[in-house]
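# Observations on chain architecture
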Amino acid sequence: MSNLTDHLVPPPTESTEKSHVLDIEGEPSSKKGLKKLEKEREKQRKKAEAEAKRAAEKEAREASESYGSENFGKKPMIQSQERSGIQRTRISDINESHAGETVTIRARVQTSRANSSKLAFFVFRQQFSTIQGVLTMDEKSISKGFVKFASNIPDESIVDVEGVIKKPSEEIKSTTVSDAELHISKLYVISETVTRLPFTIEEATRPEDQLQKEDIQFNRITLETRLNNRIVDLRTITNQAIFRIQSGVCQLFREFLLSKGFFEVHTPKIIGAASEGGANVFTVKYFKTEAYLAQSPQLYKQMCICSDFDRVFEIAPVFRAENANTPRHMTEFVGLDLEMAFEEHYHEVLDILDELFVFIFEGLKTRFAAEVAIVKRQHKSTEFEFLPKTLRLEYKDAVKLLRDNDVEIGDYDDLNTETERALGKIIKEKYHTDFYILDKFPLEVRPFYTMPDPKNNKYSNSYDFFMRGEEILSGAQRIHDPDYLEERAKVHEIDLSTIQAYIDAFKRGAPPHAGGGIGLERVVMLYLNLGNIRRSSLFPRDPKRLDP
């Protein structure tokens, strides 16, 4: 019996198309078959040559696109492995006088735009400073691969950029640095944006007046959306400027008061009795009892005066449980408070407060002019007007002004939002100022510790300060006699046992004193005319917002 393997068909060739022209021995079955086989082999050879050529071209292309790969890429996560000693430049320090210099910056990629595979433009941002970056392919260090990599970096990623400062052919109007641009030689990603942005920084910085147009072609970003994504919103150059101005107000407040012999104190915010009385107070569980969040540092400031601190101030949070969803109210804000002993008359304190605000306004005008200009690009407003010697009116004179302009108000009625604004408009037209003081408020609308007017007990030694027709400071001479203090507390139906420690502070001798409390966010909002106090609060708190 013959071996079966002798009769097996040879293994199939590369192409099934060849098998039908081969005999059982694997040879062409005819001349026609031979010709067809040779044709098939030539086809395969050409195919292999074409594939080899494509592979070589691809390899050459990739090589041409990836030279200089050491000049770009993603850096490992910084874990404080080392200190390179690289000096990084602030964008705000770059201008045309530094043309030709090579610098390194760390910044966010605000926008990127590839004009072609060989050219891309960027806007790099540090806080409220921006500069244009230019990346151009060359034959030595900047490949197409570099341009492609850089163009695909997500907006808001943090990068290190090395480049040469050059003077542009024409002024750049889209960045804060208008007379210089950065020609990139190296770019490394330090921290990449990994989720979709809720909105772009460009969208978030569009001027408010543009958003009022009916035929706008871009998205309106609501304040609610901004606050829900506050981390991104705060990156805009407008917000960077707003909160530097806010910091400036605190700086100027401190600077002036320190120069006048005041010193800073820090009073408790968890207290055993409502500091202002009334129902607008947050109650918190305090072990086996209840406590309150301070509505004001008022009582403790006075205790400091009784302790011979003489002149004190504080910058600290204030809590108000007011269910008011208005553009000017929050449940937590920053209070700039001060208290001062005086010799004969509470106007000694009023004079200090007057000088303080003029000092702050002049300081903002001179030291923070650049920041104010940035804010005005987005929030258009008229220049804030104030007088070297602030306008002072007594309350009864303000009532007369309102009545003369057909605004109804009783002699001893408190001002509401509408009457405040009406009065501000009247005063602006008549006296050309956005800032003024009202003195001698009706006694019945002020807190229990307010000293009555010695000449007319319907009024009091109290005052409010106003900016653009809205109150930003409330203050008064405080009652420093313990018996009279108890009498006034009873009138306000305050349980004396809840303020006994406060009253006792005046039983060991207390100097006459006065002071006031300023709402920081309101000052900033009104100076810049932002329209809503939440724009001047870092992470605002109101009856509907506890996050972020």
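Scope of this entry: the structure provided in the associated data block. (Residues numbered from 1 in each chain as written. Predicted model: local features only at pLDDT ≥ 70, side-chain atom pairs only at ≥ 80, totals over all residues. Heavy atoms only, no water.)

## A word on the overall build of the protein chain
- Looking only at helices and strands, the protein chain has 15 helices and 17 strands in total.
- Whereas a compact globule of 548 residues would reach a radius of gyration of roughly 24 Å, the protein chain reaches 37 Å, over 25% beyond that.
- Considered along the principal axes of its C-alpha atoms, the protein chain spans approximately 135 × 65 × 55 Å.
- The proportion of buried residues among the 548 residues of the protein chain is 47%.
- Here the contacts in the protein chain between residues at least 6 apart in sequence split such that 68% fall between residues at least 24 apart.
- With an accessible surface of roughly 29500 Å², the protein chain has 49% of that area assigned to carbon and sulfur atoms.
- If the 79 positive side-chain charges of the protein chain are averaged to one point and the 88 negative ones to another, these points end up 7 Å apart. (Helix = DSSP H or I, 4+ residues; strand = E, 2+ residues; numbered from the N terminus. Rg over C-alpha atoms; globule rule 2.2 N^0.38 Å. Buried < 20%, exposed > 50% of the residue type's maximum accessible area, 1.4 Å probe, protein only. Contact = heavy atoms within 4.5 Å. Areas by Shrake-Rupley, 256 points an atom, 1.4 Å probe, with all protein chains shown as cover. Lys, Arg positive; Asp, Glu negative; His and termini not counted. Charge placed at Lys NZ, Arg CZ, Asp CG, Glu CD.)

## Topic: a nonpolar patch on the surface
- Residues Ile231, Leu538 and Phe539 make up a contiguous nonpolar surface patch of roughly 260 Å² in combined accessible area.
- Take phenylalanine 539: it is sitting in the segment after helix H15 (520-528).
- Residue phenylalanine 539 is classed as partly exposed on the basis of its relative accessible area, which comes to 32%. (Patch = residues over 30% accessible without salt bridge, like charges linked within 9 Å, V, L, I, M, F, W, Y side chains within 5 Å. Salt bridge = Lys/Arg side-chain N within 4 Å of Asp/Glu carboxyl O.)

## With respect to the pairing of strand S2 (residues 102-116)
- Across 7 bridges, S2 lies against strand S5 (residues 158-166) in antiparallel orientation. Bridging from a neighbouring strand, arginine 106 pairs with aspartate 160 of S5.
- Here 7 bridges tie S2 to strand S3 (residues 119-126), and the two strands are oriented antiparallel to one another. Residue pairing across strands places threonine 111 opposite valine 123, the latter belonging to S3. (Pairing = 2+ DSSP bridges.)

## A few points about the packing of helix H7 (residues 237-259) against helix H9 (residues 347-367)
- With their axes 9 Å apart at the nearest point, H7 and H9 run at an angle of 135° to one another. Here H7 lies oblique to H9, going by the angle between them. Helix-helix and strand crossings are classified by hand; for H7 and H9 the assignment is right-handed. For the pair H7 and H9, contact is made by Ile245, Val249, Gln251, Leu252, Phe253, Glu255, Phe256 and Leu257 and by Ile352, Glu355, Leu356, Phe359, Ile360, Gly363, Leu364 and Arg367, respectively.
- Among the residues forming the contact of H7 with H9, the class breakdown is 11 nonpolar, 2 polar and 3 charged. (Axes fitted to C-alpha atoms, helices over the stretch in contact; angles between N-to-C directions. Parallel < 35°, antiparallel > 145°, perpendicular 65-115°, else oblique. Left-handed = near helix turned anticlockwise from the far one by under 90°. Nonpolar A, V, L, I, M, F, W, Y, C, P; charged D, E, K, R; others polar.)

## Concerning the packing of H7 against H15
- Close contact between H7 and H15 brings their axes to 10 Å; oriented N to C, the two are set at 120°. One element, H7, and the other, H15, form an angle in the oblique class. At the point where H7 passes H15, the crossing takes the right-handed sense. Residue-level inspection shows Ile242, Ile245, Gln246, Val249 and Cys250 of H7 in contact with H15, the latter providing Leu520, Glu521, Val523, Val524 and Leu528.
- Looking at the contact of H7 with H15 residue by residue, the class counts come to 8 nonpolar, 1 polar and 1 charged.

## A look at the side chain of arginine 535
- The topology assignment puts arginine 535 in the segment after H15.
- Among buried charged residues, arginine 535 stands out as having no salt bridge; its nearest opposite-charge side chain is glutamate 208, 4.1 Å away.
- At 3.5 Å, the side chain of arginine 535 and the backbone oxygen of leucine 530 are in polar contact.
- If we skip the residues at most four places from it in the chain, arginine 535 touches Glu208, Leu223, Arg226, Arg230, Asn239, Ile242, Phe243, His379 and Leu530. (Polar contact = N/O pair within 3.5 Å; in protein donor to acceptor, adjacent residues only side chain to side chain.)

## Regarding the nonpolar core
- One finds Phe253, Tyr463 and Phe465 to be the most contacted residues of the largest nonpolar core, which totals 58 residues.
- In this structure, Phe72, Val103, Leu135 and Val147 belong to the second largest nonpolar core, which totals 26 residues. (Core = buried A, V, L, I, M, F, W, Y, C linked by side-chain atoms within 4.5 Å.)

## A few points about the packing of aromatic side chains
- By the definition in use, this model includes 25 aromatic pairs.
- Ring geometry for phenylalanine 122 against phenylalanine 124: centres 5.6 Å apart, planes inclined by 10°, an arrangement best described as stacked.
- Under the relative-accessibility criterion, phenylalanine 122 is labelled buried at 2%.
- Given a relative accessible area of 0%, phenylalanine 124 falls into the buried group.
- An aromatic cluster is built from Tyr346, Phe357, Phe361, Phe384, Phe386, Phe435, Tyr463, Phe465 and Tyr527, whose rings are joined through pairwise contacts.
- Cation over ring: lysine 75 sits above tyrosine 188, and NZ or CZ is 4.4 Å from the ring centre.
- One residue, lysine 458, lies across the ring of tyrosine 412, its end atom 5.6 Å from the ring centre. (Phe/Tyr/Trp six-rings, centres within 6.5 Å; stacked < 30°, edge-to-face > 60°. Lys NZ or Arg CZ within 6 Å of the ring centre and 35° of its normal.)

## Some details on unusual backbone geometry
- A cis geometry characterises the amide bond from aspartate 547 onward to proline 548, with omega recorded as -10°.
- With respect to the element layout, proline 548 can be found in the segment after H15.

## Description of the sheet that holds strand S14 (residues 435-439)
- Spatial strand order, S7-S11-S12-S17-S16-S15-S14-S13: 8 strands in an open sheet with mixed pairing. At either margin of the open sheet sits one strand with a lone partner, and together these are strand S7 (263-264) and strand S13 (391-394).
- Pairing of strand S16 (residues 470-477) with strand S17 (residues 513-519), which is carried by 5 bridges, proceeds in the antiparallel orientation. Across the sheet, the residue bridging to glycine 475 is glycine 516, located in S17.
- Each of S7, strand S11 (311-319), strand S12 (332-341) and S17 is contacted by H7, which is oriented at about 155° to S11, the strand it contacts most.
- Across the sheet, helix H8 (residues 298-306) touches S11, S12 and S17, and the angle it forms with S12 is around 25°.

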